[in-house]
Amino acid sequence: MTLRTLCFGELLLRLSAPHHLRLSQSPSLDLQFTGSEANVAVSIAKFGSHAGFITLVPDNDVGQMGLSSLKKLDVDTQRCMFSGERLGLFYFEMGIGHRASKVLYDRAHSSMATISQGQIDWHKAFEGITWFHWSGITPAISQAAADATLEALQVAKELGITISCDL
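Here is a short report on the structure shown in this document. Only a predicted model underlies this, so the values are computations on that prediction, with no experimental measurement involved.

### Considerations on the sheet that holds strand 8 (residues 102–106)
- Taken together, the 4 strands give an open sheet; going across it, the order is 3-2-7-8, and neighbouring strands pair in mixed fashion. Looking at the sheet topology across the chains shown, the edges are occupied by strand 3 (30–34) and strand 8. Neighbour-to-neighbour, the strand axes of this sheet turn through a mean angle of 25 degrees, independent of strand direction.
- Judged from the 5 bridges that link them, strand 2 (residues 12–16) and strand 3 form a sheet pairing that is antiparallel.

Structural data, given as C-alpha cells:
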C-alpha cells in the first residue's frame, strides 16, 4: 500500500526581520509561508511520498500565494478551501549571540480560527488517504478549530486511517 498522508492545520504567513535585526530596527520584512502541519507535509513530499495539506485560507492574493508556495514544494493542496478574511501570521526576530529569537503571533479571527464544524466533508477529504497528521496547535487556535479537529479525528478513526499527532 502506498502511503498517502493528509496534514491538517493552519497555514501561516511568517514576517521576519532580515539579518538578525530586531523588528523595531528593520525597514522591511521577509515573508515565508509556514506552519507546523504544512512543514510536515513539505518534509513528507521531499522524502518522495504523497503529502496533502488541508486548511482554510482567505480567497485573496495572500491565500493564493500561500497555496502556491506549498504546490512549488510538491504538496497537494487540492483539498484546501477558501474561507474567511485573513491568514494567520507571525512576526519573527532571529536571535543572535545571547539574544534569543522572538515570535509574536497574530492568529485571532484567521480563516482557520473561524472554521465551522461540518465545513469540511471529511469523508471526501480522506479519499485515498492512509495517514492523517495533525498537531496540538490546531485545536488550540479556537473552539471552532478544536471542533473541526475532533470531527476529522472521528472520521479518520471510522475509516481506519492511521493517525499521528505532534503535541
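More follows now that the structure is in view.
### Description of the pairing of strand 4 (residues 50–54)
- With respect to burial, strand 4 is a largely interior element, 5 of its 5 residues being buried.
- As defined by bridge partners, strand 1 (residues 4–8) adjoins strand 4 across 5 bridges and the pair is classed as parallel. If you follow R4 over to strand 4, its bridge partner there is H50.

### Describing the environment of T5
- Along the polypeptide, T5 turns up in strand 1.
- Sequence-wise, T5 and D76 are 71 residues apart; in three dimensions their C-alpha atoms are separated by 9.9 Å.
- Apart from residues lying up to four places away in sequence, T5 is in contact with I44, H50, A51, G52, I129 and W131.

### Considering the side chain of T138
- As for its placement among the helices and strands, T138 is situated in helix 4 (residues 137–140).
- A polar atom in the side chain of T138 sits 2.7 Å from the side chain of E37.
- Setting aside residues no more than four positions away along its own chain, T138 makes contact with F8, G9, E10, E37, M112, A145 and T149.

### Some details on helix 5 (residues 143–158)
- Its 16 residues place the ends of helix 5 23 Å apart at the C-alpha level, agreeing with the 22 Å of an ideal helix rising 1.5 Å per residue.
- Those residues of helix 5 lying buried are A145, A148, T149, E151, A152, L153, V155 and A156.
- If you follow the buried residues of helix 5, they end up packed against strand 1, helix 3 (122–125), strand 9 (131–135), helix 4 and strand 10 (162–166).
- Count one or two residues on from helix 5 and you reach G160, which has phi positive near 75 degrees.

What counts as what
Residues numbered from 1 in each chain as written. Predicted model: local features only at pLDDT ≥ 70, side-chain atom pairs only at ≥ 80, totals over all residues. Heavy atoms only, no water. Pairing = 2+ DSSP bridges. Helix = DSSP H or I, 4+ residues; strand = E, 2+ residues; numbered from the N terminus. Axes fitted to C-alpha atoms, helices over the stretch in contact; angles between N-to-C directions. Buried < 20%, exposed > 50% of the residue type's maximum accessible area, 1.4 Å probe, protein only. Contact = heavy atoms within 4.5 Å. Polar contact = N/O pair within 3.5 Å; in protein donor to acceptor, adjacent residues only side chain to side chain. Expected span 1.5 Å × (residues − 1).

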